[in-house]
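# Secondary and tertiary structure notes
Listed here are the chains, written in short residue letters.
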Amino acid sequence: MGFLEEMKTRTLIGDGATGTFLYLKGLDRCFEELNISDPQKVRDVHNAYIEAGSEVIQTNTYAANKIKLARYGLEDQTDLFNKSAVQLAKSAAADKNVYVLGTLGGIRGFQKRAQSLEEIEESFKEQLDSLLNTEIDGLLLETYYDFEELTRCLTIARKATNLPIVSHVSLDEVGVLHGGLPLGDALSALQDLGADVVGMNCRMGPFHMLQSYEDVPLLDKAYFSAYPNASLPDYIDGRLVYQTNPQYFGESAKSFVREGVRLIGGCCGTTPDHIRAVSNAVKGKEPIKVKHVKAKQRKNITVFHKDNKESLQEITLRRKSVIVELDPPKKLNVDDFIEGSKKLKEAGVDAVTLADNSLASPRVCNLSLASIIKSQHDVRPLVHITCRDRNLIGLQSHLMGLHTLGIDQVLAVTGDPTKIGDFPGATSVYDLASFDLIRLIKQMNKGVSFSGKDLGAQTNFAVGAAFNPNVKHLEQAVKRMEKKLEYGADYFLSQPVYSKEQIKKIYEATKHIKAPIYIGIMPLTSSKNAEFLHNEVPGIKLTDETRERMARLSNDKIASQNEGVQMAKELIDEVHRYFNGLYLITPFLRYEMTIELTNYWTSLTNVLSPPKKVSY
Ligand SMILES: Cc1cc2nc3c(=O)[nH]c(=O)nc-3n(C[C@H](O)[C@H](O)[C@H](O)COP(=O)(O)OP(=O)(O)OC[C@H]3O[C@@H](n4cnc5c(N)ncnc54)[C@H](O)[C@@H]3O)c2cc1C
Ligand code: MET
Ligand SMILES: [Zn+2]
């Protein structure tokens, strides 16, 4: 009889942690490598769990895939580690009516960018092939935080074998996966993809795992399993430490049975003592057949601070519009900045954009200045957010703050790396890159936090994304735009462009994109400025003609500025011909220049408002 057959009538006992248990025994290395270098240690783990009451054990192969083994330079031993792990588990289980599951662990944590799904699939397939070439009784797919990753791997596994498959998600928040997918929906989807047993492992102790199961109804085909951690982890002397109370853990197993769980084991922090307690509490217990689940009342989510103004992208889809970047100063005097934004508003700009420590140099916090110009001068701010300066906690906190202040226009960018800025020794955080940030902001618009938690309200962000057309292969930059659209971008702001031909090329390459594109124009102020931008700023390239025009006037400051404005006007003519959105970038807080260019843009659209002459 197979273990699925047994689960029809009785609760089965799984095993506990492998990794943390070996660690407790003083081992701190690649645990899968022990299958070859010190197999007795692995046998001891299996024997201890079987002796404690485990009826279903798992192979020591959680990280025996080429992606994870590569950290130790052991990726070419994948097959060896998997096959030897099965032999060790099978020999421990022999003649004891104990089943052996071949374990495959998830790769992705919160960040998605480290490995592509294609790379993960390839690595999964390789490990799966090794395991399926042995005598295992089933598969255990465990510790999957990323549901898409799990569904892809499960699909591969289901196609490859008829053996029973146990499929586990891991949650950071009670009852929901990353992205806000409710646990019940996830488990039901896994059943539909062919998993025979579905459940959770790791991250949570029994308390939160039980809470997560509370509103999940029984499924018609798949059984439930639970492998909680011993407790929430504590962090002591740089190490994760788990509370250990086997008695409490065993008692919780009874509650799991009441929730409909039929296979109970343990994950990080658990030991044979925990499994013994579980076994004493519920081994062989008859599973429940009916579960009454109270439908969870979803709170009506209120949208606070919804700006009743027409959104920026709505404006730009309807008419020509102009936004102007005015960067927060590098010093504490913010008078010019505030005065500039007031004047830009009077000139009719649709929004003032505030960079986020651009070129990785510290400036006055753009959130503070955005709040001042919005509340005191009714300017619509568009706040840039880089991934560079904030980890996930900081990013979410920052976005919640923006929402609270009613600032709903943001530009999500990866951010220039710290090494190009004033503090080259500072760390770049990059918990996320622009794509993930866009997606996560859009998730907050659904009232769901980064980790899947209910935020109690929906944010109302319109998310801009960066577009760098100054690259060798424009079509690749356009592909990135398309990907950003898939992730939820609402509109684009481009790097400054310095050639008319380039503007036409951009138009041709992007005309299928329906989202507004604001073409960046930054007037040059001097020949030095032109040379700096051309030679040192990533993503900016000037034409030879532009540099020559500026070079000719290099000794005359005023004439240089006027030439800069003149050249910008020539580019604006071209932007106006092809695009609805203009994104002016103010150099060195010289807002008179961008005011004149704003007026020029308006004059092209509205003959009743001729350009005002400004002298510097
Ligand atoms: C409108 C705008 C505003 C900006 N505001 C800020 C700011 O306020 N603060 C700040 O620090 N930085 C800012 N930047 C700079 C920006 O963060 C970097 O230039 C960034 O690497 C490009 O945009 P992104 O962040 O969306 O990067 P992504 O598109 O996410 O690109 C990330 C990485 O991929 C690379 N990449 C991009 N395009 C290609 C391509 N076609 N082919 C191959 N690789 C590519 C990039 O070099 C980068 O390393 C801004 C850029 C723009 C265009
Ligand atoms: C990080 S979860 C680890 C699961 C694996 N089964 C182990 O106990 O090592
Ligand atoms: Zn674990």
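Per chain, residue numbering runs from 1 following the sequence as it is written. Chain letters and ligand numbers both follow the written order, the letters beginning at A and the numbers at 1. Given that the model is predicted, a residue must reach a pLDDT of at least 70 before its local features are reported, and side-chain atom pairs must reach 80 or more before they are shown or counted; all residues, however, enter totals for whole chains, interfaces and linings. Side-chain descriptors were evaluated using all non-hydrogen atoms of the structure, hydrogens and water having been removed beforehand.

Any N, O or S atom lying within 2.8 Å of the metal counts as a donor, and for Na, K and Ca the limit rises to 3.2 Å; water is left out, so some sites can look incomplete. Listed as protein donors to the zinc ion (ligand 3) are Cys202 (SG), Cys267 (SG) and Cys268 (SG); their distances from the metal cover 2.2 to 2.4 Å. Metal sites are grouped by the angles between bound donors: all angles between 85 and 135 degrees with four donors is tetrahedral, opposite donors over 155 degrees apart with the others between 65 and 115 is square planar for four donors and octahedral for six, and any other pattern is irregular. For the zinc ion (ligand 3), the four donor atoms in the first shell make angles of 95 to 127° at the metal, so the coordination geometry reads as tetrahedral. As a motif over one chain, the donors of the zinc ion (ligand 3) read C-x64-C-C. Classification of cysteine 267 by relative accessible area gives buried; the value is 10%. Relative accessibility under 20% of the residue-type maximum defines a buried residue, over 50% an exposed one, and the middle range a partly exposed one, all with a 1.4 Å probe and only protein chains included.

Quick look at the site of ligand 2 now. Around ligand 2, a shell composed of Ala17, Thr18, Gly19, Gln58, Tyr62, Glu142, Thr143, Cys202, Cys267 and Cys268 is seen. What qualifies as a polar contact is a pair of N or O atoms within 3.5 Å, subject to a donor-acceptor requirement within protein and to the restriction that residues adjacent in sequence count only when both atoms come from side chains. Contact distances for ligand 2 include 2.5 Å between a nitrogen atom and a side-chain N or O atom of glutamate 142. Each accessible area value is a Shrake-Rupley result obtained with a 1.4 Å probe; residue values ignore everything except the protein chains displayed when judging cover. Computed on the free molecule, ligand 2 has an accessible area of 300 Å², of which 86% lies beneath the protein chains in the complex. Nearness of a residue to a molecule or strand requires only that one of the residue's heavy atoms be within 4 Å of it.

Under the UniProt annotation, the feature "binding site: Zn(2+)" (unreviewed entry) is placed at Cys202, Cys267 and Cys268. Annotated residues spanning 67 residues; largest pairwise C-alpha distance 6.2 Å, indicating a single compact cluster. Along the chain, cysteine 267 turns up in the loop between β10 (261-264) and α12 (272-282). The contact criterion used throughout is that any non-hydrogen atoms of two residues lie within 4.5 Å. Ignoring anything within four residues of it in the chain, the contact list for cysteine 267 reads Ala17, Asn201, Cys202, Tyr227, Pro228 and Asn229. UniProt positions are given in the numbering used here, feature names are shortened, and annotations may be inferred rather than shown by experiment. Strands are runs of DSSP state E lasting at least two residues, helices are runs of H or I lasting at least four, and both sets are numbered from the N terminus onward.

What follows covers the domain arrangement of the chain. Domain boundaries shown here were taken from an automatic or database domain assignment. Domains assigned within the chain are domain 1 (3-282) and domain 2 (314-523 + 566-605). Each partner contributes residues to the interface: domain 1 has eleven residues there, and domain 2 has 14 residues. Here the buried area means the combined drop in accessible surface, using a 1.4 Å probe, for two parts upon being joined, counting both sides. Of the roughly 950 Å² buried between domain 1 and domain 2 on both sides combined, carbon and sulfur atoms contribute 55%. What makes a salt bridge here is a side-chain nitrogen of Lys or Arg within 4 Å of a carboxyl oxygen of Asp or Glu, nothing more. At the junction of domain 1 and domain 2, the tally comes to one salt bridge. Linking domain 1 to domain 2 there are one residue pair in polar contact (both at pLDDT 80 or more). Among the residues making up the side of domain 1 that touches domain 2, the classes are represented as three nonpolar, four polar and four charged. Residue polarity is assigned by list, with Asp, Glu, Lys and Arg as charged and Ala, Val, Leu, Ile, Met, Phe, Trp, Tyr, Cys and Pro as nonpolar; anything else, Gly included, falls into the polar class.

Angles shown run from 0 to 180 degrees and are taken between the N-to-C directions of axes, each axis being a line fitted to C-alpha atoms and, for helices, limited to the stretch in contact. One way to put it is that helix α6 (residues 78-93) packs onto helix α7 (residues 117-132) with a least axis distance of 9 Å and a crossing angle of 35°. Crossing angle aside, the handedness with which α6 passes α7 is right-handed. Of the residues in α7, those touching α6 at Thr78, Asp79, Asn82, Lys83 and Val86 are Glu126, Gln127, Ser130 and Leu131. Partitioning the contact of α6 with α7 into residue classes produces two nonpolar, four polar and three charged. Rotating anticlockwise by less than a right angle from the far helix to the near helix defines a left-handed crossing, while the corresponding clockwise rotation defines a right-handed one.

Our next topic: the site of ligand 1. As a matter of local geometry, ligand 1 sits amid 21 residues, with Asp356, Arg388, Thr414, Ser434 and Lys484 nearest to it. Between ligand 1 and aspartate 356 there is a distance of 2.7 Å, counted from an oxygen atom to a backbone nitrogen or oxygen. Backbone polar atom of threonine 414 to an oxygen atom of ligand 1: 2.5 Å apart, as the coordinates give it. The protein chains hide 73% of the 910 Å² of surface that ligand 1 would expose on its own. Secondary structure elements with two or more residues in the shell around ligand 1: β13 (381-386), β14 (409-413), α18 (474-487) and β16 (491-496). At four residues, α18 tops the list of elements feeding residues into the shell around ligand 1. Its residues assigned to classes, the shell around ligand 1 comprises seven nonpolar, nine polar and five charged.

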